[in-house]
Amino acid sequence: MDFKSSDTVTGPRAGDHLPHTAQAAVKIVIVGGFGVGKTTMVGSVSEIRPLTTEETMTQAGIGVDDDYGAETKTATTVAMDFGRISLTDQLVLYLFGTPGQERFWFLWNGLFEGALGAVVLVDTRRLEAGFDVIGRLEERGVPFVVATNEFPDAPRYPVEDLRAALDLPEEIPIVRCDARRRASSRDTLMTLMRFLHSLAMTSTRS
Amino acid sequence: MTPPQRRRRRPRERPPEPPAPPSPLAHPEGSEGEEGRDGPRNPERLYVLTGGGEDTDRAEVDLVTLVVARAAVPPPGIQPEQTALLRLCGTPLSVAEISAYLHLPFSVVTVLLTELLAAGLVRARAPIARQALPDRSLLEAVMHGLQKL
Ligand SMILES: Nc1nc2c(ncn2[C@@H]2O[C@H](COP(=O)(O)OP(=O)(O)OP(=O)(O)O)[C@@H](O)[C@H]2O)c(=O)[nH]1
Ligand SMILES: [Mg+2]
């Protein structure tokens, strides 16, 4: 680590400070295949210029058998874009846009744990690029909605065809989205929130 | 034109999740005065105390745990990274933001934070986790906030 002095650290810009009343934060994760628009979506709704956090993962952490001694481990750095939305004076929402190498996402300790839910962005030109991540969310029981980014040359499948191809149950919302537009990204997040709310209603009724 | 076909997966069997910490929104007074404690060596399993006294809840340091410095002036003898962290946290900042501004990995920041928490130099406000029964009022607060965007 080449940390020299705290004087070299650039902190939040003037307008990027949270108020002292900020009490708690929630997070939503945006996932999807390479180049599908995750960073674009984070940036279009974030109140701060999107930032990047990183995590160092060792070989032992990425599916290779345990080895002993730090010198034999190879470290991999995984970066993650994120943005922020102050919802109220007390409550802050963070959006994490996962990077392209999906085998790492689920090993990032504490990324999906505690997340309210996930938005899966899919590019209909490469639908299968989203299959694995949807499966992993299902395995972990992370609630999610699917948003198809409408690239100009992308095939426009009817929602029923998409639902059948993605093998998604009726209740999971599938929406169209243009991640470059703030309103469209916001609507996609609202779709996720309404879905989570309906799940909460169902679980309290039963 | 037929799209490619996926096969649905089943949720894995998981051990029951530990009870989530109480929502600071529901108990705004209860979230102050958190202290660190000597944590286990594994930085992935760090805990911070979320209250004083006997019946304390423990919460892991999360990417969205909000951190605030308690002292305006960093005491002598701490690492330069920790001095920088204290300077950044004059106003609340998430662990993810600290990691981004310091250009340090998340797990390194959690180690720095554990020491600062133990020394009483910072306060951590625990994140609200997804719970077995999600808090409907929390979800509604998020929706309300998003609507204003
Ligand atoms: N037409 C269209 N283009 C988009 C949309 N979202 C993103 N793009 C474009 O797609 C390109 C890739 O977007 P990114 O946001 O970088 O994608 P990403 O998922 O973060 O990519 P990786 O992090 O590399 O996996 C950019 O040139 C965006 O401008 C969309 O909704 N519609
Ligand atoms: Mg990206």
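Details of the structure are given in the entry above.
Summarised in this report is the structure supplied together with it.

The rules behind each value
- Residues numbered from 1 in each chain as written.
- Chains lettered and ligands numbered in written order.
- Predicted model: local features only at pLDDT ≥ 70, side-chain atom pairs only at ≥ 80, totals over all residues.
- Heavy atoms only, no water.
- Pairing = 2+ DSSP bridges.
- Helix = DSSP H or I, 4+ residues; strand = E, 2+ residues; numbered from the N terminus.
- Contact = heavy atoms within 4.5 Å.
- Buried area = accessible area lost by both parts, 1.4 Å probe.
- Salt bridge = Lys/Arg side-chain N within 4 Å of Asp/Glu carboxyl O.
- Polar contact = N/O pair within 3.5 Å; in protein donor to acceptor, adjacent residues only side chain to side chain.
- Buried < 20%, exposed > 50% of the residue type's maximum accessible area, 1.4 Å probe, protein only.

1. Looking at the sheet that holds strand 3 (residues 66–69) of chain B
Residue and element names in this part refer to chain B. Strand order in the open sheet formed by 3 strands is 4-3-5, with antiparallel pairing between adjacent strands. At either margin of the open sheet sits one strand with a lone partner, and together these are strand 4 (93–94) and strand 5 (122–125). In this structure, strand 3 lies alongside strand 4, joined through 2 bridges in antiparallel fashion. Looking across to strand 4, one finds that Leu66 is bridged to Ser94.

2. So, the interface of chain A and chain B
Facing 81 residues of chain A, the contacting portion of chain B comprises 67 residues. Between chain A and chain B, the buried area comes to about 6,500 Å², and carbon and sulfur atoms account for 61% of it. Along the contact surface separating chain A from chain B lie 7 salt bridges. Summed over the shared surface of chain A and chain B, the result is 25 residue pairs in polar contact (both at pLDDT 80 or more). Per-element tally for the side of chain A that touches chain B: the top contributor is helix 5 (residues 182–205) of chain A, with 12 residues.

3. Here's the deal with the pattern of salt bridges
Any two side chains of opposite charge can pair, on the condition that their charged atoms come close. Residue and element names in this part refer to chain A. Here the structure, examined in full by the defined rule, presents 18 salt bridges over all chains. Residue Arg84 is joined to Glu47 by a salt bridge in which the shortest nitrogen-to-oxygen separation is 2.8 Å. Of this pair, Arg84 sits in strand 3 (residues 75–86) while Glu47 sits in the loop between helix 1 (38–45) and strand 2 (51–58), and the two are 37 residues apart along the sequence. By relative accessible area, which is 35% here, Glu47 ends up partly exposed. The salt bridge involving Asp187 is made with Arg186; its shortest N-O contact spans 3.1 Å.

4. Focus on the pairing of strand 3 of chain B
Residue and element names in this part refer to chain B. The alternating pattern of strand 3 places Leu66 and Val68 and Val67 and Ala69 on opposite faces, both of which are buried. Where strand 3 lies against strand 5, 4 bridges are found, and the strand directions are antiparallel. Bridging across to strand 5, Val67 finds its partner in Ala124.

5. Topic: the environment of Thr40 of chain A
Residue and element names in this part refer to chain A. Looking at the element boundaries, Thr40 is found in helix 1. Between the C-alpha atoms of Thr40 and Asp178, which are 138 residues apart in sequence, the distance is 9.4 Å. Among residues more than four places away in sequence, those in contact with Thr40 are Ala179 and Arg180.

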